[in-house]
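Per-entry structural report
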Amino acid sequence: MARHWGRSWARPPVGDGERPPSSRPGGRSRPGGGGRRERPGPRQAGKRSRWHALSARSLAGQVFLLQVVIVLLLVTFAVAELFTQARQDTTQDARHQSLAVAQTFANSPGIVADLQSAHPTALLQPRAEAARKASGVDFIVVTDTNGIRFTHPHPDRIGKKFVGDISKPLAGHAVTETVNGTIGRLVQAVVPVRAANGEVLGLCSAGITISKVHGVADRQLPFLLGGAIGALALSTAGTALVSRRLRRQTHGLGAPEMTRMYEHHDAVLHAVHEGVLIRDDDGRVRLANDEARRLLGLPEGVEGREVEELGLPEHVTQLLAAGKPVTDEVVEAGDRLLAVTIRSTDRNGGPPGSVATLRDSTELRAMSGKADEARGRLKLLHDASVAIGTTLDVTRTAQELTEVTVPRFADFATVDLGEGVLAGDESTAPGTLLRRVAARGADTGTDADADAEEEHGSAAPLYPVGRTIVFGPESPPTLSLASGRAQLTHDLRGLSDWRSRSPEHAERIIDSGMHSLLSVPLLARGATLGVANFWRAGESRPFEEDDRSLAEELAAHAALCIDNARRYTREHAMAVSLQHSLLPRGTPEQNALEVAFRYLPAQAGVGGDWFDVIPLSGARVALVVGDVVGHGLHAAATMGRLRTAVHNFASLDMPPDELLSHLDEVVNRIDQESTAIEGNDAITGATCLYATYDPVSQICTVARAGHPPPALVRPDGTVEYPDLAVGPPLGLSTLPFETTELHVEEGSRIVLYTDGLIEDRTRDIDVGLDGLRAALEGAGPTPDETCTAVLDAMLPAEQRDDIALLVARTRVLPRDRITNWDLPTDPAAVADVRAAVAGQLRTWGLHEEVAFTTELVVSELITNAIRHASGPIRVRLLLDRSLVVEVSDTSSTAPHLRYAASTDEGGRGLFLVAQFAERWGTRYTATGKIIWAEVPLA
């Protein structure tokens, strides 16, 4: 825009070589005259532009020449004045110096005596020359009262008449004068030399030649001329800069060009479709173009009036009168919306004030409102993609949909899912039973359902969360489920079917201010999961067609997240069911240990932790705790395979170290199968602790493969972690496993657990072991109390891993229920043993059928040992839940059950044992083997 007062800011500056404003495209320019001429080339035009800008015809050139002449005259006068003043100053300094030297020498000690001596020249001449050289004057002359010289720089002038006025010095006055002396024109001072009584005895004169005085001034002349030249150069440079700035502002134009440019700018100013209003520092309007008058409704003759006097709206007046910089601030002026931009006019040297530009943005405002609404929709979709689906919980995901949409999209929102979806099923048919899982409402001033408001925000008067709902056949939710499209209801009062089926509920909703409904089906992967309902109430505008597409986008994303959560829930339930089916449902009946256990699956995903209590031969019991690395179905399935393998190996009465070695081979085979079938290289790692307890010897034999150590709580309550040999985790096959035997007192508690109990992301394993020790020290004596105390103290707030806890309190088999016989390898001893066994069974009070069966079993086992084994034979009877018969020898050959042929005389002994005994088997020891059989007591 053109700026009119203060032409220095009428147009923005252009650099050297740029096209002047009067130039036109097409190679023609129109200078001061009206004729046309061809436009020169760029380089030639640049040079001509510079010369023309400083030529005498341009305003800048005229100002430049005038300033140069003024500066030159000022510098010349200044140099002349300085030179003259310098000469005067040096002459005056010479007078003062001569007077000072003359007075000093006239008053120097011994001068009077020298004048009164017989040969004054001989005494005074050396002193005068020395003083002359020291003081820098050209001469020091001493005369008598008649003016006859006693001293002089030139000895041939001594004795001659002094040149100068001596009358006043003889009268006692000092004289300073300029005379033509014997050494040239000079400045001299003459003073009297007085005796002690004041009598004038002679005269003393000192002086400096004029040539010497002027020489000092002449030596200053180069400095004066240099300073003058510098001042002239600086002034000329300043003048050139000022002229250049003026040239840049006027673009080298003369008065006719300036007048034409002003006319052009004025025409443009009043032709543009943007209002311009210029205000000075006093708040008065200096200029308002036609568009500004139209937009603001200004009358004629506003120039010179204050902004407050224009009759504008108050907020417009305050904005224009303040003059503070603003950019596109939208204000109302009548029925228009004006975008106002205000800038200061004095930023580049212009006069103080401000210029305001006004644009009619009424239509742009409407378009901007739609753009803002579109941006809001995109922002809502983005926030929904982030906020919905943060968990794999179906209910929580539905709640997140209502939290995102209320109040940004709707005043109320509900989510209803099919009962089958909550159970893990896929499809929900129209008209089926739905359950409300989420409801949320904005603060619209209506009464809220207490339960819904407490958990999910205000959602009254809608049905609360947890209620089962069946929508009518013509209701919007049912129609949306049937069509798979969102159903838009502009006015709820027009839903006659809905109002007729539930009039009280419908009237309560309408009375609360709800007026518009948008029902959107929740569809994911071809399955119908439920329906989401969005309501608007109060002053909110009804839903429109644009809202339908947005609601469908939100519902599609939420449905996908809900379906993911549903699938996870179903798979998690399957995995949990599989895991529970693979874990023991209880503990087997046995008398060696009092057992209690706890198993807590991880909050997210099942794991591979397991435990077992396995009865063994000889009234012994095995305790097992293991942990498969990872989570999910694979871990649960692997755990089941390992648990089955442990049962099988335990049935063979393997010692703990040998059992873990076989289990390690099983894990390696699982890895090999996975690599061959699935092609992955993942290692199925696992840890395991296997312990056997013998209630007869009270020995607990333990071996572990990378598993945490067991805790042993003594009967007095002290807790210790036995020092056990640590084997590698299962699947590595690097080192053999070792067993450790512990003597356990009756009433002690053996505590086995998995690492989920003592270790997590925020707790180190050593801290966990110390915490477990403290919990066990304060626990009750029973295994069940111990489990409860340990979990109360050790269970983490966020359980990320399975926890298996097994507590067993030891018991001892009474000595009166144990009987032993040592036998020679003589078949005749069988009858004696049978008799002894019969007597012992009578002592225990067992009935005859049990005694007969036991005698038969003992007879067959002893006979078999005598015939096929070697070394001493030992028989042991244990009265527990069954009668245990054990026959041991030093042979390592185990008998095998087989069918005897009809012609065979033997081979039927073990067959009879298997028929009459409940269980039988072979257990190897360090010195041989034990053939055992369990005879039921009933």
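The protein chain has the name SpoIIE family protein phosphatase in an unreviewed UniProt entry, where Actinacidiphila polyblastidii is given as its organism. Turning to the protein chain, the UniProt annotation filed under Subcellular location (unreviewed entry) states: "Cell membrane".

1. Here's the deal with the overall build of the protein chain
Each helix and strand in the protein chain was counted, giving 24 helices and 33 strands. For the protein chain, buried positions account for 46% of its 938 residues. Put simply, the protein chain shows about 46,100 Å² of open surface, and 53% of that area lies on carbon and sulfur atoms.

2. Description of the sheet that holds strand β28 (residues 803–810)
If you walk across this open sheet you meet the 5 strands as β18-β28-β27-β23-β24, and the pairing is antiparallel. Of all the strands in the sheet, just β18 (593–600) and β24 (719–720) have a single pairing partner and so form its edges. As defined by bridge partners, β18 adjoins β28 across 8 bridges and the pair is classed as antiparallel. What sits directly across from Leu600, in β28, is Ile803. The strands that helix α21 (residues 783–794) touches are β18, β27 (749–753) and β28; relative to β18, the one it contacts most, it runs at about 30°.

3. A short note on the sheet that holds strand β9 (residues 326–333)
Spatially, the 5 strands line up as an open sheet ordered β8-β7-β11-β10-β9, and their pairing is antiparallel. In this open sheet, the two edge strands, each paired with only one partner strand, are β8 (285–288) and β9. Between one strand and the next, the sheet's axes are offset by a mean angle of 25°, whatever the strand orientation. Summarising the sheet, strand β7 (residues 275–280) and β8 pair through 3 bridges and their orientation is antiparallel. Considered in β8, the bridge of Leu277 is made with Ala288. Here helix α9 (residues 314–322) sits on the sheet and contacts β7, β9, β10 (336–344) and β11 (353–360); the angle it forms with β9, its principal contact strand, is near 155°.

4. With respect to the packing of aromatic side chains
Evaluation of the coordinates by the stated rule reveals 3 aromatic pairs. Plain terms: the ring middles of Phe409 and Phe543 are 5.4 Å apart, the flat faces sit at 45° to each other, and that makes the pair tilted. With Phe409 in the loop between α11 (394–405) and β12 (412–418) and Phe543 in the loop between β17 (527–537) and α17 (545–582), the pair connects residues that are 134 residues apart, well separated along the chain. Note on accessibility: Phe409 and Phe543 belong to one class, buried.

5. As for the packing of α17 against helix α18 (residues 633–651)
At their nearest, the axes of α17 and α18 sit 9 Å apart, and the two run at 10° to each other. What the angle tells us is that α17 and α18 run roughly parallel. Taken together, the residues of α18 that come into contact with α17 (itself represented by Met574, Ala575, Leu578, Gln579 and Leu582) are Leu633, Ala636, Ala637, Met639, Gly640 and Arg643. Residues belonging to the contact of α17 with α18 are distributed by class as follows: 8 nonpolar, 2 polar and 1 charged.

6. Let's talk about a nonpolar patch on the surface
On the surface, Leu66, Ile70 and Leu74 cluster together to form a nonpolar patch covering roughly 300 Å² of accessible area. With respect to the element layout, Ile70 can be found in helix α2 (residues 59–106).

7. With respect to a negative patch on the surface
A cluster of acidic side chains, namely Glu759, Asp764, Asp766 and Asp770, defines a negative patch on the protein surface. With respect to the helices and strands, Asp764 occurs in the loop between β27 and α20 (765–777). Residue classification places Asp764 among the partly exposed positions, given a relative accessible area of 45%.

8. A few points about the packing of α20 against α21
Axis separation between α20 and α21 bottoms out at 9 Å; the angle between their running directions is 140°. The angle between α20 and α21 falls in the class oblique. When you trace α20 past α21, the crossing you get is right-handed. Together, Gly768, Gly771, Leu772, Ala775 and Leu776 of α20 and Thr786, Ala789, Val790, Ala793 and Met794 of α21 make up the contact between the two elements. Of the residues belonging to the contact of α20 with α21, the class tally is 7 nonpolar, 3 polar and no charged.

9. Description of the UniProt feature "domain: PAS" (unreviewed entry) in the protein chain
Within the UniProt annotation, "domain: PAS" (unreviewed entry) is assigned to residues 261–298. For residues 261–298, helix accounts for 47% and strand for 26%, while the C-alpha atoms at its two ends are 27 Å apart.

10. Considering unusual backbone geometry
Omega for the peptide link from Val406 to Pro407 comes to 5°, which places this bond in the cis form. Tracing the sequence through the fold places Pro407 in the loop between α11 and β12. Within the chain, Ala619 stands out as a residue other than glycine whose phi angle is a positive 65°. Residue position: Ala619 is located in the loop between β19 (607–615) and β20 (621–631). Look at Asp653: it is not a glycine, yet its phi comes out positive at around 60°. Position of Asp653 relative to the elements: it lies in the loop between α18 and α19 (656–678).

11. Examining the nonpolar core
Ranked by size, the top nonpolar core spans 51 residues in total, and within it Trp610, Leu623, Leu642, Leu660, Leu663 and Tyr690 carry the most contacts. Per-element tally for this core: the top contributor is α18, with 7 residues. The contact partners of Leu660, leaving out residues within four places of it in the chain, are Cys688, Tyr690, Ala703, Arg704, Ala705, Leu730 and Phe737. Counting residues in each nonpolar core, the second largest holds 37 residues, with Leu380, Leu522, Ala558 and Ile562 among its members.

12. Structural notes on the side chain of Ser519
Position of Ser519 among the secondary structure elements: in strand β16 (residues 514–524). A distance of 2.7 Å separates a polar atom in the side chain of Ser519 from a polar atom in the side chain of Asn533.

13. With respect to the confidence of the model for the protein chain
When pLDDT is averaged along the protein chain, the result is 81, and 83% of the positions lie at 70 or above. Ignoring residues within four places in sequence, the model shows residues 1–54, a span with pLDDT below 50, making 72 contacts including any to other chains. Between residues 444–458, whose pLDDT stays under 50, and residues either more than four places distant or in other chains, the model counts 25 contacts.

14. Some details on the environment of Ser888
For Ser888, the location among the structural elements is in strand β31 (residues 883–889). Expressed as a C-alpha distance, the spacing of Ser888 and Asp822, which sit 66 residues apart in the sequence, is 9.6 Å. If we ignore the near neighbours within four places in the chain, the residues touching Ser888 are Pro872, Ile873, Arg874, Lys929 and Ile930.

Conventions and cut-offs
Position labels on residues start from 1 in each chain and follow its written sequence. Totals for whole chains, interfaces and linings use all residues, but because this is a predicted model, local features are given only for residues with pLDDT of at least 70 and pairs of side-chain atoms are given and counted only at 80 or more. As a rule here, side-chain values come from all non-hydrogen atoms in the structure, and water together with hydrogens is ignored. UniProt positions are given in the numbering used here, feature names are shortened, and annotations may be inferred rather than shown by experiment. Helix numbering and strand numbering both begin at the N terminus, where a helix is a DSSP run of H or I of at least 4 residues and a strand a DSSP run of E of at least 2. Only protein chains enter the accessibility calculation, which uses a 1.4 Å probe; a residue is then buried when its area is under 20% of its type maximum, exposed when over 50%, and partly exposed in between. Residue exposure ignores everything except the shown protein chains as possible cover, and the areas themselves are Shrake-Rupley values with a 1.4 Å probe. At least two DSSP bridges between two strands are needed for those strands to be called paired. Residue contacts follow a heavy-atom distance rule, with two residues in contact if any of their heavy atoms lie within 4.5 Å. Angles shown run from 0 to 180 degrees and are taken between the N-to-C directions of axes, each axis being a line fitted to C-alpha atoms and, for helices, limited to the stretch in contact. Aromatic pairs are defined between Phe, Tyr and Trp rings, using the six-membered ring for Trp, whenever the two ring centres lie within 6.5 Å; interplanar angles under 30 degrees are classed as stacked, those over 60 as edge-to-face, and all others as tilted. Here roughly perpendicular refers to angles of 65 to 115 degrees, roughly parallel to angles under 35, roughly antiparallel to angles over 145, and oblique to all remaining angles. Just so you know the grouping, Ala, Val, Leu, Ile, Met, Phe, Trp, Tyr, Cys and Pro go in nonpolar, Asp, Glu, Lys and Arg go in charged, and all remaining residues, Gly too, go in polar. Exposure above 30% relative accessible area and the absence of a salt bridge qualify a residue for a patch, where like charges join within 9 Å and nonpolar side chains (Val, Leu, Ile, Met, Phe, Trp, Tyr) within 5 Å. In the sections that follow, a salt bridge refers to a side-chain nitrogen of Lys or Arg positioned within 4 Å of a carboxyl oxygen of Asp or Glu. Under this rule, positive means Lys or Arg and negative means Asp or Glu; His and the chain ends count for nothing. The location of each charge is read from NZ of Lys, CZ of Arg, CG of Asp or CD of Glu. Should the near helix be turned counterclockwise from the far one by less than a right angle, the crossing is left-handed, whereas a clockwise turn marks it as right-handed. Buried Ala, Val, Leu, Ile, Met, Phe, Trp, Tyr and Cys residues form a nonpolar core when they are joined through side-chain atoms within 4.5 Å. Within 3.5 Å is the distance limit for a polar contact, defined as a pair of N or O atoms, with the added protein rule that one can donate a hydrogen and the other accept it, and that residues adjacent in sequence qualify only through two side-chain atoms. The quantity known as pLDDT measures the predictor's confidence residue by residue, on a range of 0 to 100.

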